[in-house]
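As a plain string of letters, each chain reads:
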Amino acid sequence: MGFSIRRGVANLVRRGQRLAGKARCSVCLTYFKGALVKTIPTCSHSYCKTCLQKTYTRAMNDPEGILPPRCCGQELTMAFAGDFLAGYIPKELEMPDSVGHTDFRRRYLEILAERTSDPIYCAHCRSLGRQVFIPPEEINEEADSAVCSTCFQGTCTLCKRSNPHTFGNPCPIDSDESRQEIRYQRLSGRAGWKCCDGCGMMVSRDVGCAHVVCRCGQNVWLAF
Ligand SMILES: [Zn+2]
Ligand SMILES: [Zn+2]
Ligand SMILES: [Zn+2]
Ligand SMILES: [Zn+2]
Ligand SMILES: [Zn+2]
């Protein structure tokens, strides 16, 4: 009796907070004003600023940590988390980065590059002597192309040279087999990507669904 009344009151308080436009962080279970919490559309889990920062810092600090951090098998992106991480300088993390910057995003990309198999660097920036890593979330896998956010030039993710490939600038990786091998090397460890049993193409998961139909018509189930 006493228990159910207490629970009833707790439910009312929670409902009141929801009605007041508050959202609860799924990690620390604290209520915040809606704008102070970010919710992942696919699994509906919410993160407050502190918990999101800790999630990144923990994964970056742990040499075995998986990057990008994941929630329910879904990779977290800088597009999602970026503004909660801006200006953040964690004590637990080795900052600044190798070139002396204390920007969290730069440090994150540096560690992410180290842990990415077959990382993509901008071909145009490299020709100018700058090493600019292009994070997985900025790669257009369907087009085998990555656009650099520093110089806005494209890089082919197969041959790692500048693209678009034209008649005068053809991609030297010209067999389907070697293209597939390179895609496989880069994507097989990534959340949400799997090799199709039917044709060997890499397929990605549709938002919120573990089942996809490959270009060849084969059904592919993605397990996490
Ligand atoms: Zn929290
Ligand atoms: Zn989740
Ligand atoms: Zn560039
Ligand atoms: Zn190419
Ligand atoms: Zn297929």
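Look up: the structure comes first, before these words.
Residues numbered from 1 in each chain as written. Chains lettered and ligands numbered in written order. Predicted model: local features only at pLDDT ≥ 70, side-chain atom pairs only at ≥ 80, totals over all residues. Heavy atoms only, no water.

Q: So what's going on with helix α2 (residues 49-61)? Residues and values would help.
A: With 13 residues, α2 extends 18 Å between its outermost C-alpha atoms, agreeing within 8% with the 18 Å of an ideal straight helix rising 1.5 Å per residue. Of the positions making up α2, those classed as buried are C51, L52, Q53, T55, Y56, T57, A59 and M60. Against the buried residues of α2 lie β3 (37-39), β4 (46-48), α3 (78-85) and α4 (104-115). (Helix = DSSP H or I, 4+ residues; strand = E, 2+ residues; numbered from the N terminus. Expected span 1.5 Å × (residues − 1). Buried < 20%, exposed > 50% of the residue type's maximum accessible area, 1.4 Å probe, protein only. Contact = heavy atoms within 4.5 Å.)

Q: Run through the coordination of the zinc ion (ligand 3), naming residues and quoting values.
A: Distances from the zinc ion (ligand 3) to its protein donors, namely C122 (SG), C125 (SG), C148 (SG) and C151 (SG), fall within the range 2.3 Å. Classification of the site at the zinc ion (ligand 3) rests on its four donor atoms, whose angles at the metal span 101 to 115°, yielding the label tetrahedral. (Donors = N, O, S within 2.8 Å, 3.2 Å for Na, K, Ca; no water. Tetrahedral: all angles 85-135°; square planar, octahedral: opposite > 155°, others 65-115°.)

Q: Kindly report on the packing of aromatic side chains, identifying the contributing residues and their values.
A: The geometry of an aromatic ring pair is captured by two quantities: the separation of the ring centres and the angle between the planes. With the rule as written, the count across this model stands at four aromatic pairs. Relative to Y108, the ring of Y56 lies with its centre 5.2 Å away and its plane at 70°, an arrangement referred to as edge-to-face. With Y56 in helix α2 and Y108 in helix α4, this pair connects stretches of sequence that are 52 residues apart. With respect to burial, Y56 and Y108 carry one shared label: buried. Through a chain of ring-to-ring contacts, three or more aromatic side chains come together here, namely Y56, Y88, F104 and Y108. Above the plane of the ring of F80 lies K38, whose end atom (NZ or CZ) is 5.8 Å from the centre. (Phe/Tyr/Trp six-rings, centres within 6.5 Å; stacked < 30°, edge-to-face > 60°. Lys NZ or Arg CZ within 6 Å of the ring centre and 35° of its normal.)

Q: An account of α3 is needed here, citing residue identities and associated values.
A: Within the sequence span of α3, burial applies to M78, F80, A81, F84 and L85. Down the axis, α3 shows its buried residues gathered within 145° of arc, on one side only. Opposite the packed face of α3, turned more than 90 degrees from it, sit the exposed residues A79 and D83. Looking at the buried residues of α3, the elements they touch are β3, β4, α2 and α4. (Arc of directions from axis to C-beta.)

Q: Give me the environment of Q180: which residues, what numbers.
A: Structurally, Q180 is set in helix α6 (residues 176-187). Residue classification places Q180 among the buried residues on the basis of a relative accessible area of 14%. Expressed as a C-alpha distance, the spacing of Q180 and G200, which sit 20 residues apart in the sequence, is 7.2 Å. When sequence neighbours within four positions are dropped, the list of residues in contact with Q180 reads G200, M201 and M202. Separated by 3.1 Å, the side chains of Q180 and R183 make a polar contact. (Polar contact = N/O pair within 3.5 Å; in protein donor to acceptor, adjacent residues only side chain to side chain.)

Read these as layout, nothing more, since geometry by itself doesn't imply function.
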